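Architecture at a glance
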Amino acid sequence: MEVIARGAEAVVYADGDVVVKHRPPKRYRAPELDEHLRATRTRREARLLALAKRAGVPAPVVLDVDPEEKKLCMSRVRGEKLSRLVGGMEVPELREVFATAGVLAGRLHAKGIIHGDLTTANMLLSGGRVYFIDFGLGEVSTSHEAMGTDLLVFRKCVRSTHFQQEEVILDAFFSGYRSTFAGAERAIEKMHTIERRGRYFEDRG
Ligand SMILES: Nc1ncnc2c1ncn2[C@@H]1O[C@H](COP(=O)(O)OP(=O)(O)OP(=O)(O)O)[C@@H](O)[C@H]1O
Ligand SMILES: [Mg+2]
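Residues numbered from 1 in each chain as written. Chains lettered and ligands numbered in written order. Predicted model: local features only at pLDDT ≥ 70, side-chain atom pairs only at ≥ 80, totals over all residues.

Turning our attention to the environment of Asp17. Following the sequence through the fold, Asp17 ends up in the loop between β2 (11-15) and β3 (18-22). Since 11 C-beta atoms lie within 10 Å of it, Asp17 is described here as exposed. Excluding its chain neighbours within four sequence positions, the residues that come into contact with Asp17 are Ser75 and Arg76. (Helix = DSSP H or I, 4+ residues; strand = E, 2+ residues; numbered from the N terminus. Buried ≥ 20, exposed ≤ 12 C-beta atoms within 10 Å, placed from the backbone. Contact = placed C-beta atoms within 7 Å.)

Among the 18 residues in the neighbourhood of ligand 1, the closest are listed as Ala5, Gly7, Ala8, Ala10 and Asp134. Contributions of two or more residues to the shell around ligand 1 are made by β1 (2-6) and β3. Partitioning the shell around ligand 1 into residue classes produces 11 nonpolar, 2 polar and 5 charged. Looking at which domains feed residues into the shell around ligand 1, each of domain 1 (2-75) and domain 2 (80-204) supplies at least three. (Near = placed C-beta within 6 Å. Nonpolar A, V, L, I, M, F, W, Y, C, P; charged D, E, K, R; others polar. Domains from an automatic or database assignment.)

For the rest of this paragraph, the subject is the sheet that holds β2. Ordered by their spatial adjacency, 5 strands build an open sheet running β1-β2-β3-β5-β4, and the pairing between neighbours is antiparallel. Of all strands in the sheet, those bounded by a partner on one side alone are β1 and β4 (62-66). Pairwise comparison of adjacent strand axes, ignoring direction, gives a mean angle of 20° for this sheet. Pairing analysis gives 4 bridges linking β4 to strand β5 (residues 71-75), with the strands arranged antiparallel. What sits directly across from Val65, in β5, is Leu72. Packed on one face of the sheet, helix α1 (residues 31-54) meets β4 and β5 and runs near 160° to β4. (Pairing = 2+ DSSP bridges. Axes fitted to C-alpha atoms, helices over the stretch in contact; angles between N-to-C directions.)

When a strand is regular, its side chains alternate between the sheet's two faces. Counting buried positions along β1 yields 0 of 5 residues, so the element is predominantly exposed. Pairing geometry for β1 and β2, over 4 bridges, is antiparallel. Its bridge partner being in β2, Ala5 is matched across the sheet by Val12. What sits between the antiparallel neighbours β1 and β2 is a turn of 4 residues.

In terms of nonpolar packing, the biggest core is built from 50 residues, with Ala52, Phe98, Ala101, Leu104, Tyr131 and Phe132 touching the most fellow members. Residue contributions to this core peak at 9 residues, all from helix α3 (residues 91-110). For this core, the two domains that each supply at least three residues are domain 1 (2-75) and domain 2 (80-204). Here Ala52 is in contact with Val57, Ala59, Leu108, Ile113, Phe132 and Phe135, once residues within four sequence places are set aside. (Core = buried A, V, L, I, M, F, W, Y, C linked by C-beta atoms within 7 Å.)

Below, the discussion takes up the domain arrangement of the protein. When the domains of the protein are assigned, the result is domain 1 (2-75) and domain 2 (80-204). Here the C-alpha centroids of domain 1 and domain 2 sit 22 Å apart. Listed as interface residues are 14 residues of domain 1 and, on the opposing side, 13 residues of domain 2. A breakdown of the residues in the side of domain 1 that touches domain 2 according to their chemical character gives 9 nonpolar, 1 polar and 4 charged.

It is worth spelling out the packing of helix α4 (residues 144-161) against helix α5 (residues 166-180) at this point. The N-to-C vectors of α4 and α5 enclose an angle of 160°; their axes lie 9 Å apart at closest approach. The orientation of α4 with respect to α5, classified from their angle, is roughly antiparallel. Note that α4 runs across α5; the crossing there is right-handed. Of the residues in α5, those touching α4 at Arg155, Val158 and Arg159 are Glu166, Ile169 and Leu170. (Parallel < 35°, antiparallel > 145°, perpendicular 65-115°, else oblique. Left-handed = near helix turned anticlockwise from the far one by under 90°.)

Laid out in C-alpha cells, this is it:
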C-alpha cells in the first residue's frame, strides 16, 4: 500500500478504493496510556463514521476495524480537502460548499454526534459532495458545550487559514447549520461563551 498522508496521529495508506488509517505508537506517551488512546480512537472513529453516515452525512464506509492493530479500514473518498480548495474558489462556490458543510454539521449535532476536529482539512470535496472524515476525537453527546466547542474549532480554523474568505464562509456555514439543527442558536451562543472564556484566561495569562 502507498502512503497518502502522514498526520499528527496517523499514517494513511491507500490501495485502489481502500484506505487504511493506522495509528502508530507515540514514544512521548507512557506505553499503557498510548496503547489505550490509540485503541480507543480507532474504535471511536469507526463508530462515529457509521453514525454520521446514518445521520445523512457523507463519510467513508467502514470496512474493517482492528483496535489491537490500531487500524481502521475504510472506503477511499476521491477528492480534495476543502482547506486546499478554498483559495481557488469564487464567492458563489464558497457559499454553496460551506452552506453544505453547515447543513452536515447541523445533522451531526441534531443526532448528538460531536466531530471533535471540525476543520476544513477534515472535509473532502468529491463529486460535488462534501465528506466529513477524521472522527477519532469525536464523541456522542447532546451537551451544548460540546457542540459549541466543535463550532469554535471550525471558526478558529477559518479565521486562521482562510481569513480572506472568513465572512462568506462563516455566514454560509452557520445558515446551513441553522437549517438542519433546531438547537443551533443555543450551540452558537455557547460557542461565543467558550470563546470569551478563553479570551479572559489568555488576557490574564
Ligand atoms: N477515507 C479517506 N479517503 C481519502 N483520503 C483520506 C481518507 N481518510 C483520510 N484521508 C487522507 O488522509 C489525511 C489524514 O487523515 P485524517 O485526517 O483522518 O488523519 P489525522 O492523522 O488525524 O490527520 P491530521 O493530524 O492531519 O488531522 C486526510 O487529510 C486525507 O487527505
Ligand atoms: Mg485530519
